[in-house]
Amino acid sequence: MAEVILKNIRKVYPVQDYGKRKGWKVKKQATEKQRRTSHLQITDEGVVAVQEFSLDIKDKEFIVLVGPSGCGKSTTLRMIAGLEEISGGELYIDGALMNAVEPKDRDIAMVFQSYALYPHMTVRENMAYSLKIKKTPKEEIDRKVNEAAEILDITDYLDRLPKALSGGQRQRVAIGRAIVRNPKVLLMDEPLSNLDAKLRNQMRAEIIKLRKKINTTFIYVTHDQTEAMTLGDRIVVMKDGFIQQIATPQEVFDHPSNLFVAGFIGTPQMNLFDAELVLKDGKYYVETPGISVELAAEKQERLKAHDVKPQSVTLGVRPEHLVLADQGIAGVVDVSERMGSSCHLHMSVNGKDAIVIVPTEGGIQDYVGQTVHLSFDGKVAHIFSKETEKNLEY
Amino acid sequence: MKKDINKSAEIKLLITRIVVYAILIFLAFLCLFFFYLMIINSSRSNAQLKGGFTIIPGGHFLENFSNAWHDGSINIPVGMKNSFIVAICSAVLTTYFSALTAYGVYAYNFKLKNFVHIFILAIMMIPSQVSAVGFIQLAFKFNLTNKLWVLFVPSIAAPVVYFYMYQYLQATLPLEMVEAARIDGSSEFKIFNTIVLPIMKPAIAVQMIFSFVGSWNNYFMPSLLLSSADKKTVPIMIAQLRSADYSKFDMGKVYMLMLMAILPVMIIYIILSKSIIKGVTSGSVKG
């Protein structure tokens, strides 16, 4: 149970180390081409994997770092764990500066993607390992291990070796090994990625339950936005080493700060259309061929507060917010996916792909090949700058 | 028509099996025949042995044993003890320190890491006889002859064993496991001893056998460095019996000593072979 503060954290890898992983011809400095093609910033110092990372994690908060591969989320977690050196910035756990403190002295525990269980030890020995090192009395070790095993429902497997367990059970043991120490901060690095879809859903629910039971600070890394949305009190969306947005799941979903976040959070992805933001009689309208929609009052206020000028913009509307109408954005349906309670129509709108979710109540109409018109409400339109890709409301 | 295809497939399978078994039997015969021959010969008298080759056992087993055991020029229990000390110490030191070095190079990032790895491998290309000349000179200059530890201490540096251990670590030890142990509060040395070594058990078992057998059978270095009777190892004693003059030369005795010499090796093999087969890492990480 502790507050974790990250102040302007940076991680820079020497070009040689990073290049080896990428299969580059390794030199002390990156070549022009390597600088051009790398999605990460390459300075004379090296490859910058994480930069300007500042975050205050409250005591007992569940924070999820989410982003695509190579965005720096795992690197950040490993810096918090002490497994990676911090190139710049400050890390505080429970008020104490931790930059140079060894992992074992940070009072943290970590669950790895690959479980990282000790294969020659039984489940009980795996869970008791850290306590034994701390020279905890045997009775206390037994009590703590049994408690953790009960929480995770692995009491029956305590005397088995990891090889005799299924993937889900192994991951439970890995979590058990972490919680048995009662750490200040529990770090989880994509703990569900190795599990199949069904087990992942189950384990996700287990983690939510676990969180209520053990009541500590969680920092969870995932590339799966569903996990991020369902688990986190707050989500940190990352891209190319930078934080894109820090907010609650609902805020991130409702008010994405830029095009990347808008596209990354939400399934299916948000639809993006070229549009014009126009000002008529002091009111903002968004216009795209076939439709002109007046933005909702709160959006009007925010745009006015930022003194946003009429301009060409990218309009974002989530598939579930688009509706079929008599008039509106015209598109030809290419594919119709029946999902049971709804139907996903994949269509081409002015040469771009778009998806609309249509409820299936009252029977499914076969739209494939037909031209349909889409409309939306002024409340659900997201307006992004074409230049900066930022949400113009914020 | 369909029946014919199945029948010809069955015949093909049968022929393949016959050929495979024939080859395996032949190879097994090649491996075991010489052991059998040695056991037979150890039960035959010198005169019978000079008479020629046979596969029928003789009746002089105990006599040969007694002759060898009571031979005045050699002391078998002392030789066995010396050989055992050298072989077991070599095996332990070689495997432990090679595993430690391999782990160090594999798990840590440091400057010149690749150079260190390549340098150790390059040493493999130098024949041991070449470096032995210098070592023997050193041993004589520092008056280190007739000391058993001189034979096993250099085995700490074993590039071939290092390479084997390094390869094994690459295949079996995910670094996440080491990191997990670090977070659990283990010191670096403790991680090696309590996590890495047990995972390396199969590799250690294999290398222990090789190292034990190599040291047990080693004649070259002990013959140059050991001269006093109480320090001699078994291979020196076998050579001593073989080089005895015509009047004392007894082939039965030599075969008996050879038989006695291979027994500890076989016992060690039986003990360690289980560990080789056991795959201890399965189930530790995904996959």
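Rules used in this analysis
- Residues numbered from 1 in each chain as written.
- Chains lettered and ligands numbered in written order.
- Predicted model: local features only at pLDDT ≥ 70, side-chain atom pairs only at ≥ 80, totals over all residues.
- Domains from an automatic or database assignment.
- Contact = placed C-beta atoms within 7 Å.
- Nonpolar A, V, L, I, M, F, W, Y, C, P; charged D, E, K, R; others polar.
- Core = buried A, V, L, I, M, F, W, Y, C linked by C-beta atoms within 7 Å.
- Buried ≥ 20, exposed ≤ 12 C-beta atoms within 10 Å, placed from the backbone.
- Helix = DSSP H or I, 4+ residues; strand = E, 2+ residues; numbered from the N terminus.
- Pairing = 2+ DSSP bridges.
- Axes fitted to C-alpha atoms, helices over the stretch in contact; angles between N-to-C directions.

*Asks:* Any chance you could explain the domain arrangement of chain A here in plain terms?
*Replies:* It is common to give the size of an interface as the accessible area that goes away when the parts come together. All names here are of chain A. The domain boundaries assigned to chain A delineate domain 1 (1–107 + 217–267) and domain 2 (268–385). A C-alpha centroid distance of 33 Å is found between domain 1 and domain 2. Contact residues are listed per partner, giving 7 residues for domain 1 and 8 residues for domain 2. Looking at side-chain class alone, the side of domain 1 that touches domain 2 contains 3 nonpolar, 4 polar and no charged residues.

*Asks:* Got a minute to help me understand the nonpolar core in this structure?
*Replies:* Within soluble globular proteins, side chains that are nonpolar generally end up buried alongside one another. With 166 residues, the main nonpolar core has M110, L187 and I219 of chain A together with M165 of chain B as its most contacted residues. Two domains each provide a minimum of three residues to this core, namely domain 1 (1–107 + 217–267) and domain 2 (268–385) of chain A. Apart from residues no more than four positions distant in its own chain, L187 of chain A is found in contact with L77, I80, A81, I108, M110 and I219 of chain A.

*Asks:* Explain the interface of chain A and chain B to me, please; I cannot follow it from the model alone.
*Replies:* Each partner contributes to the interface: chain A provides 25 residues, whereas chain B provides 20 residues. Elements represented by at least two residues in the side of chain A that touches chain B include exactly β7 (108–111) and α4 (123–133) of chain A.

*Asks:* It is not clear to me how unusual backbone geometry should be interpreted in this structure. Could you clarify?
*Replies:* Across the chain, the bulk of peptide bonds are trans and the bulk of non-glycine residues have phi less than zero. Residue and element names in this part refer to chain A. Across the junction of T267 and P268, the peptide omega takes the value -10°, indicating a cis bond. Within the fold, P268 resides in the loop between α10 (259–264) and β12 (271–280). Unlike most non-glycine residues, D94 shows phi in positive territory, near 55°. Checked against the element boundaries, D94 lands in the loop between β5 (88–93) and β6 (96–97). One non-glycine residue, D240, lies in positive phi territory at about 50°. For D240, the position within the fold is in the loop between β10 (234–239) and β11 (242–247).

*Asks:* Just checking my understanding: could you explain the environment of F210 of chain B for this structure?
*Replies:* Position of F210 of chain B relative to the elements: it lies in helix α11 (residues 201–217). Separated by 125 residues in sequence, F210 of chain B and I85 of chain B place their C-alpha atoms 16 Å apart.

*Asks:* Just checking my understanding: could you explain the sheet that holds β12 of chain A for this structure?
*Replies:* Within a sheet, adjacent strands bond to each other through the backbone by hydrogen bonds, running parallel or antiparallel. All names here are of chain A. Taken in spatial order, the 5 strands of this open sheet run β14-β13-β12-β15-β21, and their pairing is antiparallel. Where the open sheet ends on each side, the last strands, each with one partner, are β14 (291–294) and β21 (382–385). The mean inter-strand angle of the sheet, taken between neighbouring strand axes irrespective of direction, is 40°. Pairing of β12 with strand β15 (residues 311–317), which is carried by 7 bridges, proceeds in the antiparallel orientation. For F273, the partnering residue across the bridge sits in β15 and is L315.

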